[in-house]
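Take a look at the letters that make up each chain.
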Amino acid sequence: MSKLLGSDTSSIPHRGRLTDGRGRLSSMSTDFCPSSGQAIRDDNPLMAVQHHNPPQKSSPLPENVERIHRKIRARAGKLGMSLEAVSRKAGLDKTYLRKTFDRGGAPRSNTLHALAQALEVPESWFFSDDDVEPTASPLPGNDVAPANVDIPARQSMPADVEVLGTAAGSHAGGAFQLEPGVVVDRVRRPPALAASPNVYALYIEGDSMVPEHNPGDLRFIHPDRPPRIGDSVVVQMQNGPHESVAATIGHLHRRTATQIVIGKLNPEREIYIERNLVISVHKVLTMNELFGV
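My aim in this report is to walk through the structure given alongside it, one point at a time. (Residues numbered from 1 in each chain as written. Predicted model: local features only at pLDDT ≥ 70, side-chain atom pairs only at ≥ 80, totals over all residues. Heavy atoms only, no water.)

1. Overview of the nonpolar core
And then number 1: Ranked by internal contacts, the top residues of the largest apolar core, which has 17 residues, are I72, V86, L97, L115, L119, V121 and F126.
And then number 2: Only α1 (63-78), α2 (83-89), α3 (96-102) and α4 (109-119) provide two or more residues apiece to this core.
And then number 3: Looking at this core element by element, the count peaks at six residues for α4.
And then number 4: Each residue touching L115, except ones within four places of it in the same chain, is listed here: I72, V86, A90, L92, Y96, L97, P107 and F126. (Core = buried A, V, L, I, M, F, W, Y, C linked by side-chain atoms within 4.5 Å. Buried < 20%, exposed > 50% of the residue type's maximum accessible area, 1.4 Å probe, protein only. Helix = DSSP H or I, 4+ residues; strand = E, 2+ residues; numbered from the N terminus. Contact = heavy atoms within 4.5 Å.)

What follows is the structure, encoded as structure tokens:
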């Protein structure tokens with residue numbers, strides 16, 4: 001079965017790993033040995049150590065901060081996560097929790113909310129006196145709603161939509177070839193297309209439109225519905241009367257007097273197609289349009 005080919009992708013650079021250079025301290029000078037209580041200085045004038053003043057112990061953390069630290073550590077341990085893993089899951093730098101704990105700080109409210117989601121606990125749990133771990137994870141926020149669409153029975157959708165497309169065409173142009181009258185497959189007709197006899201379908205091949213149109217995806221094309229700027233479209237073109245019909249998929253960016261301009265996603269770029277070569281510009285239907293939502 002032939003498929004729609006996307007354009008070549010540019011190689012994606014791998015992120016390098018930064019390494020910090022490490023300086024060297026000069027050796028301690030032994031020319032002068034001061035008596036007890038005096039400052040001992042290195043050859044480096046910026047270095048000084050006082051032996052008669054031992055370092056002060058850090059003050060204990062406030063109770064609420066200590067509780068947050070303790071609970072984060074305990075919950076991370078129960079989930080089998082390191083502090084770095086919790087930080088990453090919360091969308092933070094991997095060293096965030098380690099550095100925050102080391103300096104005795106407490107996360108801000110918006111950060112604490114992200115940490116609560118990463119640890120699968122309610123945010124209020126950090127401030128409670130009860131150290132018992134929650135028995136169940138809270139449900140995520142309800143940011144979706146069921147679609148008011150009846151699921152059609154498979155038998156009610158006739159398998160009469162023709163899938164067009166034959167041998168692969170130019171990778172450089174991101175095109176595939178069509179042969180008039182050649183049908184490579186037939187697929188079931190979505191409910192909203194029952195009265196659209198001219199609809200056809202194509203399989204996607206190549207990654208020029210990933211992640212919106214992935215290799216192997218089936219796409220329904222409506223030749224009678226005018227596309228708008230920004231819509232996904234299939235542009236059919238022919239270089240000459242004896243040449244094969246080629247087609248490419250992309251976002252419709254603009255039309256000029258002489259060109260059709262479409263956009264690719266992977267890599268992000270624009271393709272300019274001369275109008276005198278264009279046979280048609282057909283709209284690719286969205287999921288909502290397939291089900292009449």
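Still more to cover.
2. A look at α1
And then number 1: Given a rise of 1.5 Å per residue, 16 residues ought to cover 22 Å, and the 22 Å separating the end C-alpha atoms of α1 matches this to within 8%.
And then number 2: Burial in α1 covers these residues: V65, R67, I68, H69, K71, I72, R75 and A76.
And then number 3: Those residues of α1 hidden inside the fold are in contact with α2, α3 and α4.
And then number 4: Just past α1, the residue G80 takes up positive phi, approximately 70°. (Expected span 1.5 Å × (residues − 1).)

3. A look at the packing of α1 against α4
And then number 1: Close contact between α1 and α4 brings their axes to 10 Å; oriented N to C, the two are set at 25°. It follows that α1 is roughly parallel to α4 by the angle criterion. Here α1 runs over α4; the crossing is left-handed. Along its contact with α1, which presents I68, I72, R75 and A76, the element α4 presents L112, L115 and L119.
And then number 2: Among the residues forming the contact of α1 with α4, the class breakdown is six nonpolar, no polar and one charged. (Axes fitted to C-alpha atoms, helices over the stretch in contact; angles between N-to-C directions. Parallel < 35°, antiparallel > 145°, perpendicular 65-115°, else oblique. Left-handed = near helix turned anticlockwise from the far one by under 90°. Nonpolar A, V, L, I, M, F, W, Y, C, P; charged D, E, K, R; others polar.)

4. Structural notes on the environment of F101
And then number 1: Checked against the element boundaries, F101 lands in helix α3.
And then number 2: Residue classification places F101 among the buried residues on the basis of a relative accessible area of 9%.
And then number 3: In sequence terms F101 and E66 are 35 residues apart; their C-alpha atoms lie 9.2 Å from each other.
And then number 4: The residues touching F101, leaving out its near neighbours within four places in the chain, are H69, I72, R73 and L83.

5. Topic: α4
And then number 1: Restricting attention to buried positions, one finds in α4 the residues T111, L112, A114, L115, A116, A118 and L119.
And then number 2: Where α4 is buried, its residues meet α1, α2 and α3.
And then number 3: Of the residues flanking the end of α4, it is E120, one or two places downstream, whose phi is positive at about 60°.

6. Let's talk about the side chain of K283
And then number 1: Along the chain, K283 turns up in strand β13 (residues 278-284).
And then number 2: Classification of K283 by relative accessible area gives buried; the value is 3%.
And then number 3: Within the structure, K283 has its side chain in polar contact with the side chain of E289 (distance 3.3 Å).
And then number 4: Beyond its immediate stretch of four places on either side in the chain, K283 contacts F220, I221, H222, R225, P226, P227, D231, S232, V233 and E289. (Polar contact = N/O pair within 3.5 Å; in protein donor to acceptor, adjacent residues only side chain to side chain.)

7. Points about the environment of V261
And then number 1: Relative to the helices and strands, V261 resides in strand β11 (residues 259-265).
And then number 2: For V261, a relative accessible area of 1% corresponds to the buried category.
And then number 3: The spacing of V261 and Y272 is eleven residues in sequence and 4.8 Å in space, taken between C-alpha atoms.
And then number 4: Not counting the four nearest positions on each side in its chain, V261 is found in contact with H251, L252, H253, R254, E270, I271 and Y272.

8. Topic: unusual backbone geometry
And then number 1: That bond from V210 to P211 is cis: its omega, 10°, falls within 30 degrees of zero.
And then number 2: Take P211: it is sitting in the loop between β7 (200-205) and β8 (218-222).
And then number 3: In this chain, N266 is followed by P267 through a cis amide linkage whose omega measures 0°.
And then number 4: Looking at where P267 falls in the secondary structure, it is placed in the loop between β11 and β12 (268-274).

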